[in-house]
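Chains, contacts and geometry: an overview
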Protein chains: 2
Amino acid sequence: MHKYKNISDPVIRRLPRYYRFLGELLDKGVTRVSSRQLSDKMGFTASQIRQDLNCFGGFGQQGYGYSVESLYQEIGHILGLDHSYKAILIGAGNLGKAVATHMSFEKRGFRLIGIFDNDPAKIGTSIRDITVTDLDDLEKFCESNTADAAIFCVPKTATPRIAERLHKLGIKNYWNFSHYDLSIDYDDIIVENVHLNDSLMILCYRISDANDNPDEELQ
Amino acid sequence: MHKYKNISDPVIRRLPRYYRFLGELLDKGVTRVSSRQLSDKMGFTASQIRQDLNCFGGFGQQGYGYSVESLYQEIGHILGLDHSYKAILIGAGNLGKAVATHMSFEKRGFRLIGIFDNDPAKIGTSIRDITVTDLDDLEKFCESNTADAAIFCVPKTATPRIAERLHKLGIKNYWNFSHYDLSIDYDDIIVENVHLNDSLMILCYRISDANDNPDEELQ
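Here we summarise the structure given alongside this text. (Residues numbered from 1 in each chain as written. Chains lettered and ligands numbered in written order. Predicted model: local features only at pLDDT ≥ 70, side-chain atom pairs only at ≥ 80, totals over all residues. Heavy atoms only, no water.)

Section: the overall build of chain A
A tally of helices and strands in chain A yields eight helices and nine strands. Looking at chain A as a whole, 52% of its 219 residues qualify as buried. Long-range pairs, those at least 24 residues apart, make up 59% of the contacts in chain A with a sequence separation of at least 6. By element, 44% of the accessible surface of chain A is carried by carbon and sulfur atoms, the whole surface being about 10,700 Å². With 25 positive and 30 negative side-chain charges, chain A shows a spacing of 5 Å between the two charge centroids. (Helix = DSSP H or I, 4+ residues; strand = E, 2+ residues; numbered from the N terminus. Buried < 20%, exposed > 50% of the residue type's maximum accessible area, 1.4 Å probe, protein only. Contact = heavy atoms within 4.5 Å. Areas by Shrake-Rupley, 256 points an atom, 1.4 Å probe, with all protein chains shown as cover. Lys, Arg positive; Asp, Glu negative; His and termini not counted. Charge placed at Lys NZ, Arg CZ, Asp CG, Glu CD.)

Next comes the structure, spelled out in structure tokens:
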């Protein structure tokens, strides 16, 4: 397996965007793309794009651009999407249901193997062909199913106790939609937070800023 | 109103995190905080924090730290959270329902005034005391209700046509959960995207990276 080391976090965070965009080009039957074309569509400078892709050894050929298919495959490989990490979802409310039904886990390196809730009305129902299991049976489930990651779609107050149980079970990779900061309690975990409130506040800032400075060009 | 100009995007993107963290301190009754304490909890360096807060004129006093309450209020003000922008939600599926019920719009500068869907099974039902309206009646609704922003919780394929209608109605601020890139079609809009797939891919990368380099310390 290729290993790319010492890649900065900002570069890593841009990779999904390249991947997404290249996937769209593939769908349209585009076979080659220049850094300038990527730049026009993605809003990064062409030199930024060349620099980013050079972190991984560079896939382009001067004057010929990049092969869309190779670049797409390679970035997917760097992201580790050819894995099939087993994930369990905690919380089968609206958010949990939306995440379970909305996401293409298989295309993003994961496989959803279990859904848990403590609400009797939800236990036993099915979401995406997975039966919602009683949260009390988490340990029993994990005896026979090794989960690699857990998805938190529970309220903030419920998160620390569930994290403690997962951590004891050796499940230390979290996709966290709750507003609880898990990294405060553990230093041996991997956690990717989805902060919807932060995103909404950024929108608020940008609307306010544009209204207060109407003459400035929008970005 | 204070105006802060030429603030870089990375600083802006950190503000919700400060705001969130200061809110937690307030809830705990903490009145003063030093940049070092903020640094320990937030994972930025103390000098980074001082630099960020200096962008807004600096609220701290050497040796005394920051007043949690003032800093919280001021950052909220900078973010524009004292506004009450009227938002409509397009799409009342699981994701739309989760967004409508899960978010504290009022605390983030918004007020949800309408929810739309084209599914007869959803039209007429209520979410958070708001009746789901037929998407066909969007224009009629907007005649008597001026919306400032729209939230897209619809599939990618449905997004461009709905965006066209909203844009014609003068609604040009979008919180976009769909995977369609709205900025390609319009250059006079404000759009804040929520890319859940990107976040899941970043998690995949970080798990793969840790598994391939097990000896390295986790971040």
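What to know about the pattern of salt bridges
All names here are of chain A. Enumeration over the complete set of coordinates arrives at 18 salt bridges over all chains. For D9, the salt bridge is made with R13, and the minimal N-O distance between the two is 3.5 Å. Highlighted residues: D9 and R13, both in helix 1 (residues 9-27), separated by four residues, approximately one helical turn. Judged by its relative accessible area of 41%, D9 falls in the partly exposed class. The class of R13 is partly exposed, set by a relative accessible area of 39%. What emerges from the salt-bridge pattern is a single network uniting D9, R13 and E192. (Salt bridge = Lys/Arg side-chain N within 4 Å of Asp/Glu carboxyl O.)

Here's the deal with the nonpolar core
Counting residues in each nonpolar core, the largest one holds 111 residues, and the members touching the most others are W175 of chain A together with W175 of chain B. No other element matches the nine residues that helix 8 (residues 196-212) of chain A contributes to this core. With near-sequence residues (within four places) excluded, W175 of chain B lies in contact with L196, S199, L200 and L203 of chain A together with V99, M103, F105, A150, I151, F152, E192 and V194 of chain B. Counting residues in hydrophobic clusters, the runner-up holds 23 residues, among them F116, L135, A147 and L166 of chain A. (Core = buried A, V, L, I, M, F, W, Y, C linked by side-chain atoms within 4.5 Å.)

A closer look at the packing of helix 1 (residues 9-27) of chain B against helix 2 (residues 35-42) of chain B
Residues and elements named next belong to chain B. Viewed as axis vectors pointing N to C, helix 1 and helix 2 meet at an angle of 100°, and their least axial separation amounts to 12 Å. When the interaxial angle is binned, helix 1 and helix 2 end up roughly perpendicular. Taking contact as the criterion, the partners of R17, Y18, F21 and L22 in helix 1 are, on helix 2, L38, K41 and M42. The class makeup of the residues in the contact of helix 1 with helix 2 is five nonpolar, no polar and two charged. (Axes fitted to C-alpha atoms, helices over the stretch in contact; angles between N-to-C directions. Parallel < 35°, antiparallel > 145°, perpendicular 65-115°, else oblique. Nonpolar A, V, L, I, M, F, W, Y, C, P; charged D, E, K, R; others polar.)

Focus: the pairing of strand 7 (residues 149-152) of chain A
Residues and elements named next belong to chain A. Burial of strand 7 is two-sided: the residues A149 and I151 facing one way and the residues A150 and F152 facing the other way are all buried. Relative to strand 7, strand 3 (residues 85-90) runs parallel, the two being bridged by four bridges. Each residue of the ladder has a partner; that of I90, found in strand 7, is F152. Here three bridges tie strand 7 to strand 8 (residues 173-176), and the two strands are oriented parallel to one another. In the sheet register, A150 faces strand 8, and the bridge partner there is Y174. For the crossover that starts at strand 7, traverses helix 7 (residues 159-168) and ends in the parallel strand 8, the hand is right-handed. (Pairing = 2+ DSSP bridges. Right-handed = clockwise from strand over helix to strand, strands pointing away.)

A word on the interface of chain B and chain A
Interfaces are often sized by the amount of accessible area the parts lose when they come together. With 68 residues of chain B at the contact, the number on the chain A side is 68 residues. Regarding the contact of chain B and chain A, the summed buried area is about 6,300 Å², with carbon and sulfur atoms giving 65% of it. Three residues, L200, M201 and Y205 of chain B, lead the burial of chain B against chain A; their summed loss comes to 11% of the area buried on that side. For the interface between chain B and chain A, the tally reads four salt bridges. Here R20 of chain B ties to D198 of chain A by a salt bridge, and the two come within 2.6 Å at their closest N and O atoms. (Buried area = accessible area lost by both parts, 1.4 Å probe.)

Re the sheet that holds strand 5 (residues 126-127) of chain A
With respect to topology, seven strands assemble into an open sheet ordered 5-6-4-3-7-8-9 (chain A), the strand pairing being mixed. Looking at strand neighbours, the two that pair on one side only are strand 5 and strand 9 (190-193) of chain A, the edges of this open sheet.

Some thoughts on unusual backbone geometry
Phi is positive for D129 of chain A, close to 65°, though the residue is something other than glycine. Counting through the fold element by element, D129 of chain A comes out in the loop between strand 5 and strand 6 (130-134). The backbone of R128 of chain B sits at a positive phi, close to 55°, despite the residue not being glycine. Counting through the fold element by element, R128 of chain B comes out in the loop between strand 5 (126-127) and strand 6 (130-134). Judged by its relative accessible area of 33%, R128 of chain B is partly exposed.

Re helix 2 (residues 35-42) of chain A
Structural remark: α-helix, 3.6 residues per turn; residues separated by three or four positions point the same way. Residue and element names in this part refer to chain A. Residues S35, L38, S39 and M42 constitute the buried set of helix 2. For helix 2, the angular spread of buried residues about the axis comes to 100°, placing them on one side. Among the exposed residues of helix 2, those oriented more than 90 degrees off its buried face are R36 and D40. The elements touched by buried residues of helix 2 are helix 1, strand 1 (32-33), helix 3 (46-54) and strand 2 (66-67). Two residues or fewer past helix 2, G43 is found with a positive phi of approximately 80°. (Arc of directions from axis to C-beta.)

Side note on the environment of A163 of chain A
Residues and elements named next belong to chain A. With respect to the helices and strands, the residue A163 is situated in helix 7. A relative accessible area of 0% places A163 in the buried class. Apart from residues lying up to four places away in sequence, A163 is in contact with F152, Y174, L182 and Y186.

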